[in-house]
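Chain by chain, the residues:
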Amino acid sequence: MTAAPTIQTTHVGSLPRSPELRELLTGDGHTETAFETAVSASIRSVVRKQAAVGLDIANDGEQSRIAYSVDVTNRLEGFSEGTVTREWPSDLEAFPEYARELLGDSDTIGGPVAVGPIEYADPDGLRRELARFEEAVAAEGVSFPGRFHTAPSPGAVLRFTETDYHDPPAEYLFDLADALATEYELIAETGATLQIDAPDLLAGFTLTYKDDSTARFRERVGTHVAALNRALADVPPEQIRLHACWGNYPGPHHHDVSLTDVIEPLYEADVGGLVVEGANPRHEHEYQTFSEYPLPEEWQLIPGVIDVKTNIVEHPELVAERIERFAEAVGDPERIVAGADCGFETVVEGANAVHPEIAWKKLESLVEGADRAEQRLA
């Protein structure tokens, strides 16, 4: 009798934060001690809950960050507080009434602006962030087969910041890559899988580069991947997974670029795995891409099999069917790790669609569905 394949489970990074921590992250006047106490307690909570639902590859839930994309700028020199353009994605521009209801006015906001060369300046800040997970695991008395830690791609930081120093934009992109290399290497040194969050490789089509043709955007993806590869030069590819998504806001997404249009430049990334959406109704069909464009040798595929833009809890049977489709497309169930479409709370103040309690129920369904798929794929 053939042994059932092992299909591990994970998520994409951000998990719901405690109300106390959310208040500290968005407010002023708190002490460092109060913040550290709240962060540690919140990480212990998400570690305990990840263990309880049975996830295999876990993390700290990004509890200490106000946003997945720009928190790293606190560890970089060369930025000053300035004005950052905040525009609606092109799909929401077609529905301005809904866009305003969802995201507020398209406008400028305060944010990081590069005013000089970008340099990595605070490795101790990252080391403290990395240590909290191990401390929480020890305090809770739990263990996981794997651990991951997230960091934004150079293109993700470019999207949510501005520069008054670099010209042309590619100069800024590669300057960010050189600085972020230290962040990536420090994460890898812990033995954790480094997850690169790179919405610029898909969502960039409706955000940063929404005037591009598909062909022009494909060229940009190639440039962004080249910058990322430069930053990852000293990290083993098998220790890296690349997360590309179309944005986790609950919009129509009818202007999204297709995965097929950019999969070839994505495959040029020096990584060992791809995290991609596979559950939301705009892109659920795109599992077929991996039949037409086979996954590079030695890569894992981490498809989203639960949607983070709806409070409907997926039936485990549906989760299992989604896993099976990806396994068939890839040709080897052992290369599949079941995940979520994106993070559940990527920013503290934003369009996070899923209620915190329901997020954990959806993750339970993810694990149960993976168990069913394992048995059927034997």
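Residues numbered from 1 in each chain as written. Predicted model: local features only at pLDDT ≥ 70, side-chain atom pairs only at ≥ 80, totals over all residues. Heavy atoms only, no water.

The helix and strand tally for the chain stands at 12 helices and 9 strands. Scaling as 2.2 N^0.38, a compact globule of 378 residues should have a C-alpha radius of gyration of about 21 Å, and the chain matches this with 20 Å. Projected onto its principal axes, the C-alpha positions of the chain cover 65 × 50 × 45 Å. Excluding contacts between residues fewer than 6 apart, the proportion of contacts in the chain whose partners are at least 24 apart in sequence is 83%. Total accessible area computed for the chain in this model is approximately 15500 Å², and 48% of it derives from carbon and sulfur atoms. With 29 positive and 68 negative side-chain charges, the chain shows a spacing of 4 Å between the two charge centroids. (Helix = DSSP H or I, 4+ residues; strand = E, 2+ residues; numbered from the N terminus. Rg over C-alpha atoms; globule rule 2.2 N^0.38 Å. Contact = heavy atoms within 4.5 Å. Areas by Shrake-Rupley, 256 points an atom, 1.4 Å probe, with all protein chains shown as cover. Lys, Arg positive; Asp, Glu negative; His and termini not counted. Charge placed at Lys NZ, Arg CZ, Asp CG, Glu CD.)

With that settled, consider the sheet that holds strand E5 (residues 162-163). The 3 strands are arranged E2-E3-E5 in an open sheet whose pairing can be described as mixed. The open sheet terminates on both sides in strands that have one partner only, identified here as strand E2 (76-86) and E5. Of the strands in this sheet, E2, strand E3 (107-120) and E5 touch helix H7 (residues 169-189), which is tilted by about 75° from E3. (Pairing = 2+ DSSP bridges. Axes fitted to C-alpha atoms, helices over the stretch in contact; angles between N-to-C directions.)

This paragraph deals with the side chain of glutamate 345. Along the chain, the position of glutamate 345 falls in the loop between helix H11 (316-330) and helix H12 (356-376). Assessed through its relative accessible area of 6%, glutamate 345 is described here as buried. In this structure glutamate 345 touches Ser14, Leu15, Pro16, Arg17, Arg22 and Asn352, once residues within four positions along its chain are discounted. (Buried < 20%, exposed > 50% of the residue type's maximum accessible area, 1.4 Å probe, protein only.)

Pairing in this open sheet of 6 strands is parallel, and the strands run E1-E4-E6-E7-E8-E9 from one edge to the other. Of all the strands in the sheet, the pair left with one neighbour each is strand E1 (57-58) and strand E9 (300-303). Here E1 pairs with strand E4 (residues 146-152) via 2 bridges, running parallel. If you follow alanine 58 over to E4, its bridge partner there is arginine 147. Helix H5 (residues 123-140) contacts E1 and E4 of the sheet and is inclined by roughly 150° relative to E4.

Turning to the layout of surface pockets, a few remarks are in order. Considered as a void within the structure, the second largest pocket measures approximately 490 Å³ in volume. Along the wall of the second largest pocket there are 21 residues; nearest its centre are Leu158, Arg159, Pro169, Thr208 and Tyr209. Sorting the residues of the lining of the second largest pocket by element identifies helix H6 (154-159), E5, H7 and helix H8 (214-231) as the ones contributing at least two each. (1 Å grid on protein atoms, 1.4 Å probe; cavity = no way out; pocket = protein on both sides within 12 Å on 5 of 7 lines; lining within 4 Å. Points joined across faces, edges and corners; volume = space filled by probe spheres on them.)

A few words on the nonpolar core. Tyr184, Leu242 and Phe290 are the most contacted members of the largest nonpolar core, which has 90 residues in total. Looking at this core, the element that brings in the most residues is H7, giving 11 residues. Judged by nonpolar contacts, the second largest core, of 14 residues, contains Leu21, Leu25, Ile43 and Phe133. (Core = buried A, V, L, I, M, F, W, Y, C linked by side-chain atoms within 4.5 Å.)

Attention now moves to the packing of aromatic side chains. All told, the structure shown has 6 aromatic pairs when counted by the stated rule. Their ring planes at 35° and their centres at 6.2 Å tell us that phenylalanine 133 and phenylalanine 144 sit as a pair that is tilted. Within this pair, whereas phenylalanine 133 is found in helix H5, its partner phenylalanine 144 is found in the loop between H5 and E4, the two being separated by 11 residues in sequence. Under the relative-accessibility criterion, phenylalanine 133 is labelled buried at 4%. For phenylalanine 144, a relative accessible area of 16% gives the class buried. Members of the aromatic cluster, joined through ring pairs, are Tyr287, Phe290 and Phe326. Of note, arginine 159 hangs over the ring of phenylalanine 160, and the distance from its end group to the ring centre comes to 5.0 Å. A cation sits over an aromatic face here: arginine 241 above phenylalanine 148, 4.1 Å from the ring centre. (Phe/Tyr/Trp six-rings, centres within 6.5 Å; stacked < 30°, edge-to-face > 60°. Lys NZ or Arg CZ within 6 Å of the ring centre and 35° of its normal.)

The N-to-C vectors of helix H1 (residues 19-26) and helix H2 (residues 32-53) enclose an angle of 140°; their axes lie 9 Å apart at closest approach. By the criterion of interaxial angle, the relationship of H1 to H2 is oblique. In the crossing of H1 with H2, the sense of the turn from one axis to the other is left-handed. Counted together, Leu21, Leu24 and Leu25 of H1 and Ala34, Phe35, Ala38, Val39 and Ser42 of H2 form the full contact between these two elements. (Parallel < 35°, antiparallel > 145°, perpendicular 65-115°, else oblique. Left-handed = near helix turned anticlockwise from the far one by under 90°.)

On to the pairing of strand E7 (residues 240-244), then. Most of E7 is tucked away, with 5 of its 5 residues classed as buried. The alternating pattern of E7 places Ile240, Leu242 and Ala244 on one face and Arg241 and His243 on the opposite face, and all of these are buried. Crossover strand E6 (residues 193-197) to E7 through H8 is right-handed. When E7 meets strand E8 (residues 273-276), the two strands line up parallel, connected through 3 bridges. When the bridges of E8 are listed, leucine 242 appears paired with leucine 274. (Right-handed = clockwise from strand over helix to strand, strands pointing away.)

Where H7 meets H8, the closest approach of the two axes is 7 Å, and the angle between their N-to-C directions is 35°. Where H7 crosses over H8, the handedness of that crossing is right-handed. Between H7 and H8, the residues in contact are Leu173, Phe174, Ala177, Asp178, Ala181 and Tyr184 and Thr223, His224, Ala226, Ala227, Leu228, Arg230 and Ala231, respectively. Looking at side-chain class alone, the contact of H7 with H8 contains 9 nonpolar, 2 polar and 2 charged residues. (Nonpolar A, V, L, I, M, F, W, Y, C, P; charged D, E, K, R; others polar.)

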